[in-house]
Amino acid sequence: MRKPFVAGNWKMNKTSDQATLLAADMLPGLEAVKTVERVICPPFTSLMVLSGMLADSEVKLGAQNLHWEESGAYTGEISPAMVKEFCQFVILGHSERRAYFGDTDESVNKKVKAAFAHGLIPIVCVGETLDEYESGKTAEVVTRQVKNGLKEIESENAEKLVVAYEPIWAIGTGKAANPEGANAVIGGVVRQNLAELFGNDRAQKIRILYGGSVNGQNAASFFQQPEIDGGLVGGASLKAEDFVKIVESAT
Ligand code: 13P
């Protein structure tokens, strides 16, 4: 019922020339996998050139952040309308932005609302630190992030949402979560909270991804889980062959 969804978060990697080469490398493989929604999220500086490349493609573009204001004196920021010129999606509340750039549940909530107001679909990231995981606080932390980050979202928009559960201890460490454990958090905490916010019918339509050291070898073990609808992929999305393999495992 939920169409599988795989997004590549390129983070702060690739100049626009390098991004063009990487996209050209992966495009034929990605194009072939029609049953999966495929999104690549390069840095802002490559969005324009890649949106030209992808004009006739089913592969969609996402940004990695935005500012909630429409325009004005916000040096260094990018508005929702600017993102919307090139993208259909936007990653919001990634743990790296929360850790290094001051994103909070409150600012994530403003960004989610601004994204929807401009017709962008947010990919909202949640997940606990290693300390929180080890002290058994995963459910509490993820509940807070979902409830506060997604509060007062209109119900009609809610079902378009994509949520990514990315345990911070699994990001870039090569130590992916256990697929059954991730499935339990996604079904029992993320989707449960979405149901409390938006009702069960809508919650059942929302795609929830797993992220954190997903690669060509382990992707299928995550995507086989009933509550996991796809992946948000960092490092492995920078290698055409690996990323195509991950997308293929989501069919
Ligand atoms: P890695 O796949 O490199 O662990 O990164 C995951 C991530 O943060 C995607 O947003």
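Scroll up to find the structure this text is about.
Residues numbered from 1 in each chain as written. Predicted model: local features only at pLDDT ≥ 70, side-chain atom pairs only at ≥ 80, totals over all residues. Heavy atoms only, no water.

> What should I look at first to understand the site of the ligand in this one?
Around the ligand, the surrounding shell holds 13 residues, and the nearest of these are Lys11, His94, Gly172, Ser213 and Gly235. The contact in question runs from an oxygen atom of the ligand to an N or O atom on the side chain of Asn9, over 3.0 Å. At 2.9 Å from an oxygen atom of the ligand is found a main-chain nitrogen or oxygen belonging to Gly234. In the complex, 95% of the free accessible area of the ligand, which totals 310 Å², lies under the protein chains. (Near = heavy atom within 4 Å. Polar contact = N/O pair within 3.5 Å; in protein donor to acceptor, adjacent residues only side chain to side chain. Areas by Shrake-Rupley, 256 points an atom, 1.4 Å probe, with all protein chains shown as cover.)

> When you look at the packing of aromatic side chains in this model, what are you seeing that I'm missing?
Two numbers describe a pair of aromatic rings. These are the distance of the centres and the angle of the planes. In the structure shown here, the tally under the stated rule is four aromatic pairs. Summarising the aromatic geometry, the rings of Phe5 and Phe89 are spaced 5.3 Å apart at their centres and angled 75 degrees between planes, so their arrangement reads as edge-to-face. With Phe5 in strand S1 (residues 5-9) and Phe89 in strand S4 (residues 89-92), this residue pair connects regions lying 84 residues apart in the sequence. As far as burial versus exposure is concerned, Phe5 and Phe89 are alike and both buried. Ring geometry for Tyr100 and Phe101: centres 6.2 Å apart, planes at 90 degrees, overall edge-to-face. (Phe/Tyr/Trp six-rings, centres within 6.5 Å; stacked < 30°, edge-to-face > 60°. Helix = DSSP H or I, 4+ residues; strand = E, 2+ residues; numbered from the N terminus. Buried < 20%, exposed > 50% of the residue type's maximum accessible area, 1.4 Å probe, protein only.)

> Explain the environment of Val146 to me, please; I cannot follow it from the model alone.
Structurally, the position occupied by Val146 is in helix H7 (residues 138-149). Separated by 37 residues in the primary sequence, Val146 and Asn109 place their C-alpha atoms 9.6 Å from one another. Here Val146 is in contact with Val126, Val190, Asn193, Leu194 and Leu197, once residues within four sequence places are set aside. (Contact = heavy atoms within 4.5 Å.)

> Explain the layout of surface pockets to me, please; I cannot follow it from the model alone.
Taking a probe equal in size to a water molecule and rolling it over the atoms shows the remaining empty space. In this structure, the largest pocket occupies an estimated 440 Å³ of space. Looking at the lining of the largest pocket, the element that brings in the most residues is helix H4 (residues 95-100), giving three residues. Partitioning the lining of the largest pocket into residue classes produces eight nonpolar, four polar and three charged. The calculated volume of the second largest pocket comes to roughly 270 Å³. In terms of lining residues, the second largest pocket is bounded by 19 residues, among which Gly172, Ser213, Gly234, Gly235 and Ala236 are the most central. Of the residues assigned to the lining of the second largest pocket, the class counts are seven nonpolar, 10 polar and two charged. (1 Å grid on protein atoms, 1.4 Å probe; cavity = no way out; pocket = protein on both sides within 12 Å on 5 of 7 lines; lining within 4 Å. Points joined across faces, edges and corners; volume = space filled by probe spheres on them. Nonpolar A, V, L, I, M, F, W, Y, C, P; charged D, E, K, R; others polar.)

> Teacher, can you tell me more about helix H5 (residues 105-117) here?
The terminal C-alpha atoms of H5, which comprises 13 residues, lie 18 Å apart, in line with the 18 Å expected from a rise of 1.5 Å per residue. Along H5, the positions that sit buried rather than exposed are Asp105, Ser107, Val108, Asn109, Lys111, Val112, Ala114, Ala115 and Phe116. Residues of H5 that are buried sit in contact with helix H3 (80-84), S4, H4, strand S5 (121-126), H7 and helix H8 (155-158). Backbone geometry just downstream of H5 places Gly119 in the positive-phi region, at approximately 75 degrees. (Expected span 1.5 Å × (residues − 1).)

> In this structure, what is going on with the packing of helix H1 (residues 16-31) against helix H12 (residues 240-249)? I would like to understand it.
For any two helices packed against each other, the geometry comes down to the angle between their axes and how far apart the axes lie. Where H1 contacts H12, the two axes come as close as 9 Å, and the packing angle between them is 30 degrees. Regarding the angle of H1 to H12, the classification is roughly parallel. The handedness of the crossing between H1 and H12 is right-handed. Of H12, the residues touching H1 (which contributes Leu22, Asp25, Met26, Gly29 and Leu30) are Ala240, Phe243, Val244 and Val247. Looking at side-chain class alone, the contact of H1 with H12 contains seven nonpolar, one polar and one charged residues. (Axes fitted to C-alpha atoms, helices over the stretch in contact; angles between N-to-C directions. Parallel < 35°, antiparallel > 145°, perpendicular 65-115°, else oblique. Left-handed = near helix turned anticlockwise from the far one by under 90°.)

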